[in-house]
Amino acid sequence: MQRPLVFLVLALMLGIVGATFGKIGVAAAMTAAVLTLIMAGIGFIRAWRLNAWVLFCLCFTLGMVLTSIKMAAVASLPVAWQGKSVRVVGRVIDRPDVRPEAIFYKLAVSNDQAGPVKGILRVKVRGQGKVFQYGDRLELAGFISIPEPPGNPGAFDYRAWLNRQGITAILTVNDAREIKILGRGGNPLLRMAYGIRDALEKIFDQTMSKTNASVLKGILFGTRGEIPREVQLAFNETGLVHILSVSGYHVGVVTVILLALLRLLRVPGRFIAWVAIPVLIFYAIMTGLGPAVFRSTIMAILLLLAYHLGRQPDWPTTLAAAAGIILICNPLDLYDIGFQLSFAATWGLLYLTPKLAQLLPKLPGNMSLLITVPLAAQLATLPLVILYFNLVSPVSVLANLLTAHLVALIMLFGGIALLFGSILLPLAGFVNVATGLLTDLFLWLVQFCSSLPGAAWYLPTPPLWLVFVYYLMLVGLFELLRRPDWVTVVKQLLGNAIAKGRSYRIVVGFLLFLILTFTWLAWPVDNRLEIHFIDVGQGDSALILTPNGGAVLVDAGGWRDELITGRGAGDQVVVPYLHRLGINCLDALIITHPHTDHAGGARAVIQAIPVKMVVVSPYGLAGEDEVDKGYDILLKEIRDKGIPSHPALAGNRLKVDPDITLRFLSPQEKYTGTRSDANNSSLVMLLDYQGRTALFTGDIETEAEEDLVQNGHLPKSEVLKVPHHGSAYCHPDFFAQVYPEVAVISVGANNRFGHPAPGTVEALDKICRKVYRTDKHGAVIVKTDGAKWQVSTGK
């Protein structure tokens, strides 16, 4: 075996995957490990030929043991604490994460100073107050909660993200003034590293504009909580988001600058590794030791040691060693997106870049590297970026080409400013005049690339097997291209096709099948109608996907004050949901009425996705009393973006697909004098597709339902979006007249309104074949080919 470490680390990874999906307990994993260890001992004594596979099994069981222990530790918090208000004592074990809306801490809970850790909590302290530091021992009271699994398919799994970090639950504290500090402690090295980082970040805060300081802190230290949302979005869409979180690029730049400085100081070569390695370790600790930093630091150290010892470095072995060390420390990092992207990008840079350079014509200077390096990284990470973010950025290579040297220059000037600022703050201000100009140019270039047509394109989430096929095809292609006589080889294969006959045709046919399958799944075409009732908590949002590729969004959910802040269900739930389905444009956005739980998320939607037209209720356009605060802001943004906006009334029709009609049944005019005029003025629509029908009802109540029943405008419908989250304000004959087969109640868990009302659920159960609730079933997805309905759920 030429590279045994690669072989063994692969076994370790497979063991981690097996223990995770097999849910193997600690006892079973330990038993398997002991048996394998005995077999390894016997094999070593008897010199078996299969010893390599015995070692493979040993590393496999090691992965199982480490994973099962890690998963068991996460569940160590007492079950009695869950869902209750408790008072705990614990120590802050990581640097605080300061954000505009809250401060987050990682707290190891224990009864006393020397007591065992009962569990690790993520503490959320609302608002802004005193910031506690690593090592502080705190006494605090709050509400314990464990995040539910995601209700929408493919959504971010907050609980799994916490578990990967060993965190059991969330403790929410409403008032920071109630937190008592009992003492200080922790690892002195970590405390010093975090203290130095805080002091250095303050230099940027005091000598630069707020935006530039936040970007510099992201570039040098990975602090992203203060970066404006629109800036982060531009970085995401241009493929430059890695610049705002310390990664291999940053460690590489620091290493190059450090080595250049040591040579400038004429440090003897035999001492360079021993001086550089502690500095790199300290920088990695100071930036939080994320998977990407950990990986790049380990590789840098191994390469420095190889240089010091006069050994020729082998990058596959170095990469495997870095992965093995990280996974032994925390096996669940295997599922971390940063871990996967970091190793994929590094593999691409080391494996693909030389081959791409051979294919390009010779360019002056380092021009070929400026093109091949970002291209190689993009090819290597493309399926993972689509898998996790559904994003393809055609301008990524251009953006990296324009900014690569600029970022290194910004880091250099920023480092000089920090050095001078540590001595005298005005000196840092003087240097940061130039740093600020460079940062402004950098941000302008990012915004310019982001504004180019087609800068970001969203694709549907691919299946995992397609990701593996992509990598097999990529490696196969480059292995072929790296052969000097690859053209001759292809010609020989084609020439021998007749001789090989059927076997060759089978191989070629199989390869063509893989290529066509990948293309088909990348641009899926489905001739069915789909309706997605999205789980937005206490609110409403439904997405209609037509057989011919049209998309209509009926409401966009909304959380408290979202119409004012623009942040909530829209940007955190609805927009990501649309992106996961590869939706890049909406044919229509329908806002049934001007309440936040239906209209709040619309602000984020129109900012993130082009919308051809907006249809609104007639209520809310003239400053009526029941319009939620901030609805006028939404209407103004719609006008400012030049989106056509139309109020709808009963009798209007909307046609976004030749086979589908949306017919508005209510209101005849906006309601006045009812219990809730805004709710009763909700747009009610009947969707008809080849005789299959679905009724959308907004938040209509007794009065509007009675009018629909009595005026004969209420047809039977197979799918019903239940009015007003299943409230008790319903007409007794409404459900009987609609007589749905499937009813969907869009409602949030444990909401303060008591929705859905027990009487409403009971009435639906008597009529409907099946009643679905988004709080229990997650997203409810109904599909039809015109013959019958199929229903699936997110939970």
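Look up a bit, the structure's there.
Novice: For this particular structure, what's the right way to read the pattern of salt bridges?
Specialist: Opposite charge on two side chains permits them to pair, given that their charged atoms come into close proximity. Tallied over the entire structure, the rule returns 23 salt bridges. With a closest N to O distance of 3.4 Å, Glu 201 and Arg 197 form a salt bridge. Placement of the pair is Glu 201 and Arg 197 together in helix α5 (residues 188-207), with a separation of four residues, close to one helical turn. Here Glu 201 and Arg 197 have matching classes, each one buried. The salt bridge involving Lys 670 is made with Glu 624; its shortest N-O contact spans 2.6 Å. Taken together, the residues span a long stretch of sequence, with Lys 670 in the loop between β17 (660-666) and α25 (677-680) and Glu 624 in the loop between β14 (614-616) and α24 (631-640) at a distance of 46 residues.

Novice: How should I be thinking about the nonpolar core in this particular structure?
Specialist: In summary, soluble globular proteins display a tendency toward joint burial of nonpolar side chains. In this structure, Phe 204, Ile 219, Phe 235 and Phe 442 are the most contacted members of the largest nonpolar core, which totals 51 residues. Elements that contribute at least two residues to this core include exactly α5, α6 (210-221), α7 (229-237), α8 (248-264), α9 (269-286), α10 (291-309), α14 (396-423) and α15 (425-451). The element best represented in this core is α9, accounting for nine residues. Leaving out residues up to four positions away in the same chain, Phe 204 has contacts with Ala 213, Leu 216, Lys 217, Leu 220, Phe 221, Gly 414, Leu 418 and Asn 432.

Novice: I keep staring at the pairing of strand β11 (residues 542-545) and nothing clicks. Help me out?
Specialist: Side-chain positions along a regular strand alternate between the two faces of the sheet. Burial along β11 is two-sided: Ala 542 and Ile 544 and Leu 543 and Leu 545, pointing in opposite directions, are all buried. Two strands pair when backbone bridges link them, and β11 and strand β12 (residues 551-554) are joined in this way by four bridges, in the antiparallel orientation. Paired with Ile 544 across the two strands is Val 552, which belongs to β12. Between the end of β11 and the start of β12, which pair antiparallel, lie five residues, with Gly 549 showing a positive phi angle near 90 degrees.

Novice: Could you clarify how one ought to interpret the sheet that holds strand β21 (residues 742-745) in this entry?
Specialist: Sheets are built from strands paired through backbone hydrogen bonds, the pairs being either parallel or antiparallel. Taken together, the seven strands give an open sheet; going across it, the order is β16-β17-β18-β19-β20-β21-β22, and neighbouring strands pair in mixed fashion. Every other strand in the sheet has two partners, leaving β16 (653-657) and β22 (770-773) as the edge strands with one partner each. The mean angle between the axes of side-by-side strands here comes to 20 degrees, regardless of whether they run parallel or antiparallel. With three bridges connecting them, strand β20 (residues 719-721) and β21 associate as parallel partners.

Novice: Would you take a moment to explain the sheet that holds β12 for this structure?
Specialist: Taken in spatial order, the eight strands make up an open sheet running β15-β14-β13-β12-β11-β10-β23-β24, and their pairing is mixed. Whereas interior strands pair on both sides, the edge strands pair on one side only; in this sheet they are β15 (645-647) and β24 (789-793). Recorded for the sheet is a direction-independent mean angle of 15 degrees between the axes of neighbouring strands. Both strand β10 (residues 529-533) and β11 contribute to a ladder of four bridges, which runs antiparallel. Bridge pairing links Glu 530 to Leu 545 in β11.

Novice: I keep staring at helix α26 (residues 702-710) and nothing clicks. Help me out?
Specialist: Every α-helix carries 3.6 residues per turn, so stepping three or four residues along brings you back to the same face. For α26, the full list of buried residues reads Ala 704, Glu 705, Leu 708 and Val 709. All buried residues of α26 fall inside an arc of 135 degrees around its axis, so they share one side. On its buried face, α26 sits against β17, α25, β18 (684-689) and α27 (734-738). Phi turns positive, to about 75 degrees, at Gly 712, one or two residues after α26.

Novice: Sorry, what's going on with the packing of α9 against α10 here?
Specialist: Helix-helix packing is characterised by the crossing angle of the two axes and by the distance between the axes. Following both chains from N to C, one finds α9 and α10 inclined at 175 degrees, their axes separated by 9 Å at the closest point. For the element pair α9 / α10, the angle class is roughly antiparallel. When α9 is examined against α10, the residues Arg 270, Ala 273, Trp 274, Ala 276, Ile 277, Leu 280, Ile 281 and Ala 284 are found in contact with a partner set consisting of Val 293, Thr 297, Ala 300, Ile 301, Leu 304, Leu 305 and His 308. Here the contact of α9 with α10 is built from residues that sort into 12 nonpolar, two polar and one charged.

Novice: Please explain the packing of α5 against α9 as it appears in this structure.
Specialist: Between α5 and α9, whose axes approach to 9 Å, the crossing angle comes to 75 degrees. By the criterion of interaxial angle, the relationship of α5 to α9 is roughly perpendicular. Along its contact with α5, which presents Leu 189, Leu 190, Met 192, Ala 193, Tyr 194, Ile 196, Arg 197 and Leu 200, the element α9 presents Phe 282, Ile 285 and Met 286. Classifying every residue of the contact of α5 with α9 gives 10 nonpolar, no polar and one charged.

Calculation criteria
Residues numbered from 1 in each chain as written. Predicted model: local features only at pLDDT ≥ 70, side-chain atom pairs only at ≥ 80, totals over all residues. Heavy atoms only, no water. Salt bridge = Lys/Arg side-chain N within 4 Å of Asp/Glu carboxyl O. Helix = DSSP H or I, 4+ residues; strand = E, 2+ residues; numbered from the N terminus. Buried < 20%, exposed > 50% of the residue type's maximum accessible area, 1.4 Å probe, protein only. Core = buried A, V, L, I, M, F, W, Y, C linked by side-chain atoms within 4.5 Å. Contact = heavy atoms within 4.5 Å. Pairing = 2+ DSSP bridges. Axes fitted to C-alpha atoms, helices over the stretch in contact; angles between N-to-C directions. Arc of directions from axis to C-beta. Parallel < 35°, antiparallel > 145°, perpendicular 65-115°, else oblique. Nonpolar A, V, L, I, M, F, W, Y, C, P; charged D, E, K, R; others polar.

By themselves, these figures tell us nothing about what the structure is for.
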